[in-house]
Amino acid sequence: ALVLVSILPFRYLREIFNTRCAFPVCARGLPEGAVAFLNQAGATGDVLNHPNEGGYLEWELYPRQKIFVDLQTPFLFPDGAIFAADQAFQDPVVLANLIGTYAPAFLLVPNQLRGFPSLVASFPDYVPVFVDDAGVLYASASRNPELVARHRLRAIEPFALDVMGPPDDPQTFARAEAELRRMNEIHPGGGRTGVFEGVLALQRGDTDTALRRADALLREHGDRPEPNRLRADALFLAERFGEAVEAYRLAIDRLGSDARSLAQRPYLESRLWASLLEVGRPDEAYRASRAAIPDIYAPGVGYNELVALGRVALESGHRAEGRRLLEFALQKTPHSEAQLRMWIQQQLGAAAQ
């Protein structure tokens, strides 16, 4: 035994959850959802865990389940055990040694370790069964056949929170939504999975479900930008632009200074400007856009930002500037974005008249 768009096209989903939505919405960074799942299932069998989570897991799961190590009480564990518990989720040799020695029933993997799926592929007995804000829970199919049959995640890539399957197949999203609902029913406070469920609802145009999900998340995680962003996107899609203005402002106000927050800012600001235009406040949209991106030559200003700036400039009466910005945007817009390139060319033609 172990020691103790539409508005949100498929490309947009991949972008959000591959780069932006691994947010630390659980302030304590604890695997609360995985614990709720194990407790509800009455799971037994040892858990191979990262040292950082040992104290919480021991408190919540013992004596029904044993863990590997607890970094909060390092004097109980040799340095080699702490090292092995950390490296098991990054090194195939260490993982193989621990699995071979202890045959754990579960692996609880920190969600920052995006390379783990390729590592664990050498151990096909272990499959993902649950995702929360801190990590991904794998279960041994041979040790937990009924649990795995009910809860194995097949439609969701659990680390990036990406939909798996052909994007043009409606069942791709239906299967992912079913898995997300199941997890959110077990752990309603989950931030990442809650936002993901709401975004998938927007993908099929269901703004009511997205708003309900956003409002529930805001009660738990109102200080985070992502629930506010989900609510704002739902309001925008529902053409409730006045409310969307305030929602986008809240999302922007809650951004931090980390890389993920900085990556979200251009999208949120461009949606804010678009909402201001829709409610007939073009001058305000123009002032906000120029304040947000004062230097269009700065690194990181891409074609999407230039398109948004150009549209705001045109609609606020700054026609020469708007045309110039759209000309710059067209130079940077890849040919794979055929629809957007056509729209830019149409706007340029109209502006020239």
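Residues numbered from 1 in each chain as written. Predicted model: local features only at pLDDT ≥ 70, side-chain atom pairs only at ≥ 80, totals over all residues. Heavy atoms only, no water.

## Notes on the packing of aromatic side chains
Then, in step 1: Inspection of every chain in the model, using the stated rule, returns nine aromatic pairs.
Then, in step 2: Here the aromatic rings of F236 and Y248 are separated by 6.5 Å at their centres, their planes lie at 70 degrees, and the arrangement is edge-to-face. In this pair, F236 is assigned in helix α11 (residues 225-237) and Y248 in helix α12 (residues 241-253), connecting sequence segments 12 residues apart.
Then, in step 3: Members of the aromatic cluster, each reached through a chain of ring pairs, are F89, F116, Y138 and F159. (Phe/Tyr/Trp six-rings, centres within 6.5 Å; stacked < 30°, edge-to-face > 60°. Helix = DSSP H or I, 4+ residues; strand = E, 2+ residues; numbered from the N terminus.)

## Some remarks on the pairing of strand β2 (residues 106-110)
Then, in step 1: Within β2, five of the five residues are buried, leaving the element largely enclosed by the surrounding structure.
Then, in step 2: The side-chain alternation of β2 yields two buried faces, one formed by F106, L108 and P110 and the other by L107 and V109.
Then, in step 3: Bridging between β2 and strand β4 (residues 135-140) involves five bridges; their strand directions are antiparallel. Bridge assignment links F106 to a residue of β4, and that residue is A139. (Buried < 20%, exposed > 50% of the residue type's maximum accessible area, 1.4 Å probe, protein only. Pairing = 2+ DSSP bridges.)

## Quick notes on helix α16 (residues 319-332)
Then, in step 1: The terminal C-alpha atoms of α16 lie 20 Å apart, and with 14 residues this matches the ideal 20 Å at 1.5 Å per residue to within 8%.
Then, in step 2: Those residues of α16 that fall on the buried side of the exposure criterion are E321, G322, L325, L326, A329 and L330. (Expected span 1.5 Å × (residues − 1).)

## Observations concerning the sheet that holds strand β1 (residues 47-49)
Then, in step 1: Judged by pairing direction, the sheet is mixed, and its four strands sit side by side in the order β1-β2-β4-β3 without closing on themselves. Of all strands in the sheet, those bounded by a partner on one side alone are β1 and β3 (126-131). Ignoring which end each strand starts from, the neighbouring axes of this sheet average 25 degrees apart. (Axes fitted to C-alpha atoms, helices over the stretch in contact; angles between N-to-C directions.)

## A few points about helix α5 (residues 92-102)
Then, in step 1: Looking at α5, one finds that the buried residues are V94, L95, L98 and I99. The arc enclosing the buried residues of α5, seen along the axis, measures out at 130 degrees, which places them on a common side. Seen from the open side of α5, the exposed residues pointing more than 90 degrees away from its buried face are V93, G100 and T101.
Then, in step 2: Elements in contact with the buried residues of α5: β1, α4 (79-87), α6 (116-120) and β3. (Arc of directions from axis to C-beta. Contact = heavy atoms within 4.5 Å.)

## Re the pairing of β4
Then, in step 1: Burial of β4 is extensive: six of the six residues sit out of reach of the surface.
Then, in step 2: Because side chains alternate across β4, one face comprises the buried residues G135, L137 and A139, and the other comprises V136, Y138 and S140, equally buried.
Then, in step 3: Note that β3 and β4 share five bridges and pair antiparallel. What sits directly across from V131, in β4, is V136.
Then, in step 4: Here β3 folds back onto β4 in antiparallel fashion, the turn holding three residues.

## Thoughts on the side chain of N49
Then, in step 1: Relative to the helices and strands, N49 is located in strand β1.
Then, in step 2: The exposure class of N49 is buried, given its relative accessible area of 0%.
Then, in step 3: Looking at N49, its side chain comes within polar contact range of the main-chain nitrogen of F68, at 2.8 Å.
Then, in step 4: Here V69 takes part through its backbone oxygen, which lies 2.9 Å from a polar atom of the side chain of N49. (Polar contact = N/O pair within 3.5 Å; in protein donor to acceptor, adjacent residues only side chain to side chain.)

## Observations regarding the nonpolar core
Then, in step 1: Counting residues in hydrophobic clusters, the biggest one holds 46 residues, and the most contacted among them are L230, Y248, L268, L272, W273 and I344.
Then, in step 2: With near-sequence residues (within four places) excluded, L230 lies in contact with G194, V195, G198, V199, L202, A210, R213, A214 and L217.
Then, in step 3: Of all hydrophobic cores here, the second largest spans 34 residues; its members include F37, V47, V148 and V163. (Core = buried A, V, L, I, M, F, W, Y, C linked by side-chain atoms within 4.5 Å.)

## Considering the pattern of salt bridges
Then, in step 1: Inspection of the entire model under this criterion finds 16 salt bridges.
Then, in step 2: Close ionic contact of R229 with D233 constitutes a salt bridge, the shortest N to O distance being 3.9 Å. Linking R229 with D233, this pair stays in helix α11, spanning four residues, or about one helical turn. The two residues R229 and D233 agree in class, both being buried.
Then, in step 3: Linking R265 and E269 is a salt bridge whose minimum nitrogen-to-oxygen distance equals 3.4 Å. With a gap of four residues between them, R265 and E269 both fall in helix α13 (residues 259-278), about one helical turn apart.
Then, in step 4: Overall, the relative accessible area of 29% leaves R265 in the partly exposed class. (Salt bridge = Lys/Arg side-chain N within 4 Å of Asp/Glu carboxyl O.)

## Here's the deal with the confidence of the model for the protein chain
Then, in step 1: With 90% of its residues at a pLDDT of 70 or more, the protein chain shows a mean pLDDT of 87.
Then, in step 2: Least confident of the elements in the protein chain is helix α1 (residues 10-19), whose mean pLDDT is 37; most confident is β3, at 98. (pLDDT = per-residue confidence, 0-100.)

## Overview of unusual backbone geometry
Residues apart from glycine generally show negative phi values, whereas peptide bonds are mostly found in trans.
Then, in step 1: That bond from Y62 to P63 is cis: its omega, 10 degrees, falls within 30 degrees of zero.
Then, in step 2: The topology assignment puts P63 in the loop between α3 (54-61) and α4.
Then, in step 3: Positive phi outside glycine occurs at A103, with the angle close to 45 degrees.
Then, in step 4: By the secondary structure assignment, A103 is in the loop between α5 and β2.
Then, in step 5: The exposure class of A103 is partly exposed, given its relative accessible area of 36%.
Then, in step 6: In this structure, L161 is a non-glycine residue whose phi angle is positive, near 50 degrees.
Then, in step 7: Along the chain, L161 falls in the loop between β5 (156-157) and β6 (162-163).

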